[in-house]
2 protein chains.
Amino acid sequence: MHRGTDEFRWARRAADKIAMPSTTPRDMIRLGGGLAFPDELPNIVEEAAAAAAMRSEGLQYGPLYGLTDLRDAVVAYLAQDGVSAERENILIVNGAKHGLDLACRVFIEPGDAMIVTGPTYMTALSIMKTHEVEFVVVSQDDNGMKVDELEETLVARRKSGRPLPKLLFDVPDFHNPTGITLSIERRQKLVQLAIEYGFRVLEDDPYRRVRFEGTSIAPIKSFDIGNHVIGLGTVSKILAPGLRIGWVNASPEIVGRMAAQKCDHGTNPFVQRIVAQLFLNRKVDEHIERVKRTLRVHRDTMVEAIHEHLPGSKVDVPHGGYFLWVRLPDEVDADQLVQRAGELKVEVNPGRLSFAGPAPGQFIRLAYSFCDPTEIRAGIARLGEAYRALRSTRATQA
Amino acid sequence: MHRGTDEFRWARRAADKIAMPSTTPRDMIRLGGGLAFPDELPNIVEEAAAAAAMRSEGLQYGPLYGLTDLRDAVVAYLAQDGVSAERENILIVNGAKHGLDLACRVFIEPGDAMIVTGPTYMTALSIMKTHEVEFVVVSQDDNGMKVDELEETLVARRKSGRPLPKLLFDVPDFHNPTGITLSIERRQKLVQLAIEYGFRVLEDDPYRRVRFEGTSIAPIKSFDIGNHVIGLGTVSKILAPGLRIGWVNASPEIVGRMAAQKCDHGTNPFVQRIVAQLFLNRKVDEHIERVKRTLRVHRDTMVEAIHEHLPGSKVDVPHGGYFLWVRLPDEVDADQLVQRAGELKVEVNPGRLSFAGPAPGQFIRLAYSFCDPTEIRAGIARLGEAYRALRSTRATQA
């Protein structure tokens, strides 16, 4: 009676995509994922107990768009960045990724084009792939996405009659994985292009407040005209990723369609109350200050260790965020380095995962968020061991 | 510069679907949605504070498949129903609806056929519609979905060369909206048909434990052969809907593909810890007993009030669950009744929303879960007032 799995008729989007449960050995030094620094996760015991006591709010089905108090708190938070929003612009979601997925559900048909930087946030790529998008990849320099290159592409597509992209995805502040911040001129130009070519910009901005030095640049959303920018936010980097609370900031029409695609009957109201309270009692602000102080030291430690242990590689020093993006010498294969590093008990991410197409070189992404300086130094030293081994193998072969 | 909304190129699934934020006036008696009884929501203050104190678990990114302890607690819970599962069969999701959506992402291409009962759970219909399914509607009698009718449809489709359905969705215990429980013979037959015709059965079972009298029938999943049944569960009706914790029970291959479609980076680990603890310390079991005692009285109160205030309508008395499904006399238009009732400050659901196609008669769905007996009596009395007004209008017109 049992039929083989070849008889499962998966949807195209699911045919070759299977997530394996992963476990990390205890002695692994984790420089891979953008996890929070565990020693400084916020103390939310009081807020959790208080929210649990508000039973008929937190334990009942919540409002589809989110708790009024949290939506208002997000409005106030965005105002600090010069973004003016009203409550009806805000939809509470289960993290910014959930917002990206809902935007794809609302705008994307299989085969529609979407603009991304090369490289870009790897999990976002993975979500966009489930919507079967065609990627339009635009390269970056020190000022972020090359908007002139984007314009040339759009001109050429229009000329040739190919359908124009529907969405653009970018992380303008401390870009994942490169740490680059998009210049103000390019932000303004992006909005102009969005209007001219009729696409929507998804501005994913989790790292904006994690700035160690220098001055912030106004969000793309602050230059928006005619609802061409959809802001995606999250408390994952300013509070705690486990809370799974994010938001969308867009026109009521877009927000209404995204809400209609939610399959969670409203994001968890109990956790929303906790987060609303943490915004109101300023614990979010306090936590951001703590994170900035700590991660600045982490970043400096990692940069120094890279200079010591990975000679011949190239790394730019970002002014904030969670990641360093390391260009390896051509003779060091990134995938081999990642594998060897794993054998030496240090976890790093292959750069390949951050590209929609083939990687134009050898890269790895390193997160300095999770480990303390001692672990970071030990981790980069182990990575350096793998690195030297690969280079000497190459030298011997040559 | 501003361009009109006609230039938004929505995806088909989002083109005409917009969710309005809803507010319910304070003096409205709510017999519409399947909300929890607020006076008896569980006290989780202790568990919430304890989970918040486990910072590096609850506030960090959690495992994609869910906390091991919660997956094991679900395995134990399912075992009580005679369903044998292992940890690797369980995926934790944001409520059972989220599981339905993930199953659609994994199996459904636009235009694929899906089998549902007529009527069925209205929010499930709404989710399936976002995946642009073709509905194959099978009618019900007192023993649930007419599987012989289903078989005839499948035979005819195969004969005519039309593609066979990929999924079947049903609520076999205290069906939403009808309260009907599917007979054991039909459960077995459904599995046979699933094997014969190559579809998967989604068994959505939120109300199973809310049984007031009579004996439970083994879940469809307990008759599964060859992974043709996907179980969907939730704590919404056995604990609290606001927690947004549900699960999927399926083969590791299906679960792996569903996990790959999750866009939440793993369901909230902090809330998962709370729920795992509530399973372990037996508060779930205690809560179920309390819910059963209370809702039985609610049901009896509502049935009695219907007999008094809605003469000429027909209602079957379910042995559990949250809802009564009322067939109105043909001369009473359900939509008009719902509107008039709203004017008299009682909220009920039009039966139309529970049908994939046109409703074959006049129905309303009434939930007895949220209101206490006094409110239920007052609500049905107000409904009766609207009902009498509509009938007398009809009588005058005739």
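Here the structure is a predicted model, which means the values were calculated and not measured. (Residues numbered from 1 in each chain as written. Chains lettered and ligands numbered in written order. Predicted model: local features only at pLDDT ≥ 70, side-chain atom pairs only at ≥ 80, totals over all residues. Heavy atoms only, no water.)

Visitor: Can you help me understand the relation of the copies chain B and chain A in this one?
Guide: For the pair chain B and chain A, the superposition axis carries a translation of 0.0 Å, the fit reaches an RMSD of 0.0 Å, and the rotation angle comes to 180 degrees. Here the copies are linked by what is in effect a two-fold axis. Here 100% of the contact residues of chain B are again contact residues in chain A; the copies associate through an equivalent surface. (Least-squares fit on C-alpha atoms with pLDDT ≥ 70 in both. Contact = heavy atoms within 4.5 Å.)

Visitor: Explain the side chain of Ser369 of chain A here, please?
Guide: All names here are of chain A. Considering the arrangement of structural elements, one finds Ser369 in the loop between strand E14 (363–367) and helix H12 (373–397). Of the residues examined, Ser369 reaches a relative accessible area of 0% and is grouped as buried. A distance of 2.7 Å separates a polar atom in the side chain of Ser369 from the backbone oxygen of Leu35. Discounting chain neighbours no more than four positions away, the residues touching Ser369 are Gly33, Gly34, Leu35, Ala36, Phe37, Leu295, His298 and Tyr322. (Helix = DSSP H or I, 4+ residues; strand = E, 2+ residues; numbered from the N terminus. Buried < 20%, exposed > 50% of the residue type's maximum accessible area, 1.4 Å probe, protein only. Polar contact = N/O pair within 3.5 Å; in protein donor to acceptor, adjacent residues only side chain to side chain.)

Visitor: Help me understand the interface of chain B and chain A in this model?
Guide: Accessible area lost during the coming together of the parts is what is often quoted as the interface size. With 88 residues of chain B at the contact, the number on the chain A side is 88 residues. On the surface where chain B and chain A come into contact, there are four salt bridges. Close ionic contact of Glu109 of chain A with Arg12 of chain B constitutes a salt bridge, the shortest N to O distance being 3.4 Å. Counting across the interface, chain B meets chain A through 49 residue pairs in polar contact (both at pLDDT 80 or more). Of all elements in the fold, only helix H1 (45–53), helix H2 (55–58), helix H4 (96–107), helix H5 (122–130), helix H7 (184–197), helix H8 (252–260) and helix H9 (269–280) of chain B reach the threshold of two or more residues within the side of chain B that touches chain A. Of the residues forming the side of chain B that touches chain A, the biggest block, seven residues, is contributed by H4 of chain B. Considered class by class, the residues forming the side of chain B that touches chain A number 47 nonpolar, 22 polar and 19 charged. (Salt bridge = Lys/Arg side-chain N within 4 Å of Asp/Glu carboxyl O. Nonpolar A, V, L, I, M, F, W, Y, C, P; charged D, E, K, R; others polar.)

Visitor: Which parts of the structure should I look at to understand H1 of chain B?
Guide: Within an α-helix, residues lying three or four positions from one another point in the same direction, as the helix has 3.6 residues per turn. Of all the residues in H1 of chain B, the buried ones are Glu47, Ala48, Ala51 and Ala52 of chain B. Summarising the axial view, the buried residues of H1 of chain B lie within an arc of 135 degrees, below the 170-degree limit, and thus occupy one face. Every exposed residue of H1 of chain B that faces more than 90 degrees away from the buried side is listed here: Glu46 and Ala53 of chain B. Its buried side turned inward, H1 of chain B meets helix H1 (45–53) and helix H9 (269–280) of chain A together with H2, H9 and helix H10 (283–309) of chain B. (Arc of directions from axis to C-beta.)

Visitor: Is there a simple way to explain the pattern of salt bridges in this structure?
Guide: Once their charged atoms are close, side chains differing in charge can pair, the charge on each being opposite to the other. The final tally for this structure, using the stated rule, is 58 salt bridges over all chains. Connected through shared salt-bridge partners, Asp81, Asp173, Arg187, Arg208 and Arg209 of chain A make up one network.

Visitor: When you look at the pairing of E14 of chain A in this model, what are you seeing that I'm missing?
Guide: Consecutive residues of a regular strand have side chains that alternate between opposite faces of the sheet. Residue and element names in this part refer to chain A. Taken across its five residues, E14 has five buried, putting it largely inside the fold. Here E14 shows two buried faces, one formed by Phe363, Arg365 and Ala367 and the other by Ile364 and Leu366. As paired elements, strand E11 (residues 323–327) and E14 share five bridges and run antiparallel to each other. If you follow Leu324 over to E14, its bridge partner there is Leu366. For strand E13 (residues 349–350) and E14, the ladder comprises two bridges, and the chain directions are antiparallel. (Pairing = 2+ DSSP bridges.)

Visitor: Help me understand the packing of helix H6 (residues 147–160) of chain A against helix H7 (residues 184–197) of chain A in this model?
Guide: When two helices pack together, you describe them by how their axes are tilted relative to each other and by the distance separating the axes. Residues and elements named next belong to chain A. Between H6 and H7, the shortest axis-to-axis distance is 10 Å and the interhelical angle comes to 10 degrees. Between H6 and H7, the crossing angle belongs to the class labelled roughly parallel. Residue-level contacts link Val147, Asp148, Leu150, Glu151, Leu154, Val155 and Arg158 of H6 to Arg186, Lys189, Leu190, Leu193, Glu196 and Tyr197 of H7. When its residues are assigned to classes, the contact of H6 with H7 shows seven nonpolar, no polar and six charged. (Axes fitted to C-alpha atoms, helices over the stretch in contact; angles between N-to-C directions. Parallel < 35°, antiparallel > 145°, perpendicular 65-115°, else oblique.)

Visitor: Can you help me understand the state of the cysteines in this one?
Guide: The term disulfide refers to a covalent linkage connecting the sulfur atoms of a pair of cysteines. A full pass over the atoms with the stated rule returns zero disulfides over all chains. The thiol sulfur of Cys104 of chain A is not disulfide-bonded, and the nearest other cysteine sulfur, from Cys263 of chain B, lies at 8.4 Å. (Disulfide = S-S within 2.5 Å.)

Visitor: What am I meant to see in the UniProt feature "domain: Aminotransferase class I/classII large" (unreviewed entry) in chain A here?
Guide: Annotation from UniProt places "domain: Aminotransferase class I/classII large" (unreviewed entry) at residues 38–382 of chain A. Overall, residues 38–382 of chain A shows 41% helix and 16% strand. The separation of its end C-alpha atoms is 22 Å. (UniProt positions renumbered as here; feature names shortened; annotations may be inferred.)

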